[in-house]
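Now for the letters of each chain:
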Amino acid sequence: MRTPRLMLALAALLVAAGLATSAAAQGSKTTITFWDAYSSDGPEVKQLETVIIPAFEKANPDITVKDVTIPYNDLHQKLITAVAGAQLPDLVRSDIIWVPELANLGVLAPLDKDMPAFKSYSSAVFPGPLATNYWKGHYYGLPLDTNTRIWVYDPATLKSLGLSGPPQTFAQLESMSAEAKKQGVYLYAESGTGGWNILPWIWSNGGRLTNASYTKATGYLNGPKSVAAVQMLVNLYKAGEMPNIIVNANGGLGTYDGINQHKYDATLDGPWAFAIFSSSYPKATLAGSLVPAGPGGSVSVVGGEDIVLTQQSRHKAAALTFLRFMLGTFAQRQMAEAGQMPVIKSSEGWLPSIHPYYATYLKQIATARPRTPTPKWTQIDQVLTNDIAKAFQGSETVQQALDDAAHKIDGLLQ
Amino acid sequence: MVVGNRRQRRALLGARMLLLSAGVVVLLVPFVYMLATSFKPNTMVLEIPLKFFPRHPTAANYIQAWTSNQFGRYFLNSLIVATATTTAAVLLSAMMAFAFARFRFPGRGLLFGLVLIALMVPTMMMLIPQFLLARHLMLLNSLSGLIVFYTGGNLALNTFLLRSFFQDIPFELEEAMVVDGASSWTRFWRLILPLSRPGLATAAIFTFLASWDEFTWALTIINDPGKYTLPIAIALFQGQHATSWGLVFAASAVAIAPVLILFAIFQRQFVAGITSGAVKA
Amino acid sequence: MLRTRSTASSSSGTSGARVASPRRPLSSRRRRELRDAYLFLAPGFLLFALTILYPIVRAFQISLFHWAIAPGAASAFVGLANYAHALHDPVFWRALGNTGFYMAITVPTQIALGLAAAVLLDARMPARGLYRTLYYLPVVTSWVVVSLVFRYLFITDGGLVNWVLHDNLHLISRNINWLGARWTAMLVLGILGTWKGIGWSMVIFLAALQGVPRVLHEAAAVDGARAWARFRAVSLPAIRPVVAFVTVILVIGGFNVFISVFLVTNGGPFDQTQVLLTYMYREAFSFLDFGYGSAISFILTLIVFALALVQLRLFRRPAGAS
């Protein structure tokens, strides 16, 4: 008769233990995982791990944030594999061009539906970066940090060329490039023919890549304004006023080295150029100005990262709490000090005090446009790169090249 | 192989060393540049034209690389994984190679053919199927997951390599043992393995290097920064817009050290005299 | 009579137990032999089958579909359509040509130079260990570092190579735009691959040369053979299986070139230097067409397999020769 009593005692013990652990579980912490691609010795990850996350965890004691840094060049591959194996984390700091692709795969949560008070956050951020999260009627993320390209130049070189200031219009670009060439300097250096490189010029000339609903490229990419914009650059190149790294980035003198050696004066680049110059070329000076304006104004291209929530996350509420925190003024300001340009409109008040060049970036981002938000963007970009290069290399006219490209892009946008 | 008279030998030796030294110079240029840059102050851009020697050498990159994040931990992880993989892979491959080289059994051709074919399939395409498999086996996010798949991945090459070496060992030596009634394991352990030390050393060196340097699989299955391996650590020094090359080079130089040490130790196995004299008329 | 190694083994045969018996029920000895064989084979082969063979089968399965990545999403079966697509894809053929070119540069060179280095290092001499370690150094240096250095070495204006050829030796009239055009860039990649791989084949040849018994060399020397003749008559035949091994592996490696191309040119400029694997990587991981990427890799496997068969046949010893 001892055994049944023993068993009863054991059972009671087990039940008690079970209750105790479940009670503990209810009071225990939720851990959310956040993937990012900051470099491991950079200031961003230090800010995140030593300032921002501790502040968040203090304000939310039942949530722990686990930050996983992944090498930037490999983040996309890791995301894709994680999709295939259903191993995504709760939150990801994703490059903006991947968001439509991930949304199309069905792995992201539509924030405009799943996030309470979404509207208050979406209206607080710049419209250009916000648009990068849009896919098939929903917003699948919110911007986290942004950047754009402005005219970045060396004032000392300009002075030695006898020019008073950077070009503000297309006409000035052309005349100044000719002037610079006479003295053996390339005024403007560009290192590729992809969307990131060429779209600012197309848009500033009043052209477009596609129609407003992103479904067709023919008539837009090969329309007269777009063709004229590319033609202007091709003319500069053919006149020997632009270096050949636009079609030969691998073997030639890079933009930074070129500017430092006073062989080039300017390029279009994001805020990191200033940080790199101050640390690697302390003797050089760098200044910023708006992209030269054409008939369409001074319109640049949006870059940056969005923060997205995955569908398979099991702690969506906690993850959204962290997401909101990252979009708050505190976190945005901390990251701004680490070189990440904030996405909230209210940053216009305090951003230039952190770095003066941010003032120009803020002005530029107000009108900057996103690249076409579509899952096939990488392929579209490859088409642009390859076909526009043919115009520069002279094997096709600009019109032919853009006709080809538009036709192929139509197929990809279907 | 030293034969011939004294003067001939001296001249031959001189010629050898001259040729070898010329080769070394060519081979070492990039490595010297890497070392030199690692001792320069950290920069995000490399100067053109290449400058080979730092004006103000500093060890700051090495210090920063080692103390950044959990570099020591990553180093240890790589060491554990590579050592375990090498031991397991060489042992299992030697056993398989022994079976292929010394036994006749039905299916031998087919099975060896499968080993060969596996060598020819690009590993990248297996990434997702292997990932799904690792998930089923609950090996994700673990060093064991690395060890298991690295071992599996090195079996084909090592088996092929060791089979060639085993085939070179004349059977006469084993014949005596077989006649004496020795078990296969005894033949394997007491005769074949000792006789094929150069081959085993080669397999060990290659396997260690392959698992020490492996990046893609480690990146794919590890989600816990504490379990990262060295190649990931080095890749993390590369940023989106700029890379700290001084740090990358310093970290890469540190990463080379264990492999070189292992090589220096194991290459002593490449010494003649093991089988000489054993084969007589 | 000296029983030389060359007749004791062959590249595909075995010097296993003598079984001359005609059809008879298996002797206990034969049964033991079979049991031993499978016991030695099993642990390794099971692990191999699980971690390698099974994923290969699944990868092949993927190549027959228009594969959807997200788990649970339906994939459309397309049969051999992915393979047909490859055959009509001009970039695929260009990648194939580039890969073949790369292989033609790197394989013979690595064998010849690796063998030469091994022969030179296979002697008693001061600092032998140091020399061997130095020769192995490129093999262990990371691809990231090496690719970057080579990229800088071959920069058109300011790179070391052009500086030597143009400014110093005056061998060329204008700086060569190495990485800007298809064949010069592939040549650079080939040089990089060879440079990095010599130490690898050197190590294997070195190990193999150790197995050649000194007795044979001495016998040949007594016969009056000079060093080169000795090498051809004694060393080469003795290491024949290893040369076969190295050739097959180098061809496989040549066709599987990826990381150096990825880091130096990334298939550029404009897909001129795509090789099969960089192209496959882009199709699969960037454009998310895993079915197509998988098909490309299996076509690659088929080609390498055919080449391997040819090579093994070439290396097979004609019966009776020595």
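As shown above, the structure is provided for reference.
Draft legend 1. Up close: the overall build of chain B. Along the backbone of chain B there are twelve helices and zero strands. Seen in sequence order, chain B has helices and strands lined up from the N terminus as α-α-α-α-α-α-α-α-α-α-α-α. Along the first, second and third principal axes, the C-alpha set of chain B runs to 70 × 65 × 30 Å. Residues counted as buried form 49% of the 281 residues belonging to chain B.

Draft legend 2. Representation of the overall build of chain C in the model. When helices and strands are tallied, chain C shows 14 helices and two strands. Looking at chain C as a whole, 48% of its 322 residues are labelled buried. Contacts in chain C between residues at least 24 apart in sequence constitute 68% of all its contacts with a sequence separation of at least 6.

Draft legend 3. Structural view of the interface of chain B and chain C. At the interface, 88 residues of chain B touch 89 residues of chain C. Listed by contribution, the elements that provide at least two residues to the side of chain B that touches chain C are α1 (6-38), α3 (71-102), α4 (108-120), α5 (127-136), α6 (143-167), α9 (197-213) and α12 (245-266) of chain B. Per-element tally for the side of chain B that touches chain C: the top contributor is α1 of chain B, with 13 residues. Here the side of chain B that touches chain C is composed, by residue class, of 67 nonpolar, 16 polar and five charged.

Draft legend 4. The arrangement of the pairing of strand β2 (residues 63-69) of chain A in detail. Residues and elements named next belong to chain A. Across seven bridges, strand β1 (residues 30-36) lies against β2 in parallel orientation. In the sheet register, D36 faces β2, and the bridge partner there is T69. As a crossover connection, the stretch from β1 through helix α2 (residues 43-59) into β2 is right-handed.

Draft legend 5. Looking closely at the environment of K283 of chain A. Residue and element names in this part refer to chain A. Checked against the element boundaries, K283 lands in the loop between α13 (272-280) and β10 (287-289). A tally of 7 C-beta atoms within 10 Å means that K283 is categorised as exposed. For the pair K283 and F392, spaced 109 residues apart in sequence, the C-alpha separation works out to 34 Å.

Draft legend 6. View of unusual backbone geometry. The omega angle of the peptide bond from G268 of chain C to P269 of chain C is -5°, so this bond is cis rather than trans. Checked against the element boundaries, P269 of chain C lands in the loop between α12 (259-264) and α13 (276-286). Phi is positive for K136 of chain A, close to 45°, though the residue is something other than glycine. Here K136 of chain A is to be found in the loop between β4 (134-135) and β5 (138-139). In this structure, Y214 of chain A is a non-glycine residue whose phi angle is positive, near 55°. Following the sequence through the fold, Y214 of chain A ends up in the loop between α10 (195-204) and α11 (224-238).

Reading guide: rules and limits
Each chain carries its own residue numbering, running from 1 in the direction its sequence is written. The naming scheme follows written order: chains are lettered A onward, ligands numbered 1 onward. Confidence filtering applies because this is a predicted model: local features only for residues at pLDDT of at least 70, side-chain atom pairs given and counted only at 80 or more, and all residues used for totals across whole chains, interfaces and linings. Under the scheme used here, helices are H or I runs from DSSP no shorter than 4 residues and strands are E runs no shorter than 2 residues, and both carry numbers assigned from the N terminus. Here the C-beta atoms are placed from the backbone, and a residue counts as buried if at least 20 other C-beta atoms lie within 10 Å of its own, exposed if 12 or fewer do, and partly exposed otherwise. By definition, residues are in contact whenever their C-beta atoms, placed on the basis of the backbone, come within 7 Å of each other. All amino acids are sorted into three groups, where Ala, Val, Leu, Ile, Met, Phe, Trp, Tyr, Cys and Pro are nonpolar, Asp, Glu, Lys and Arg are charged, and the leftover types, Gly among them, are polar. Strands are treated as partners if at least two bridges between them are detected by DSSP. With the strands pointing away from the viewer, any crossover whose connection runs clockwise from the first strand over the helix to the second is right-handed.

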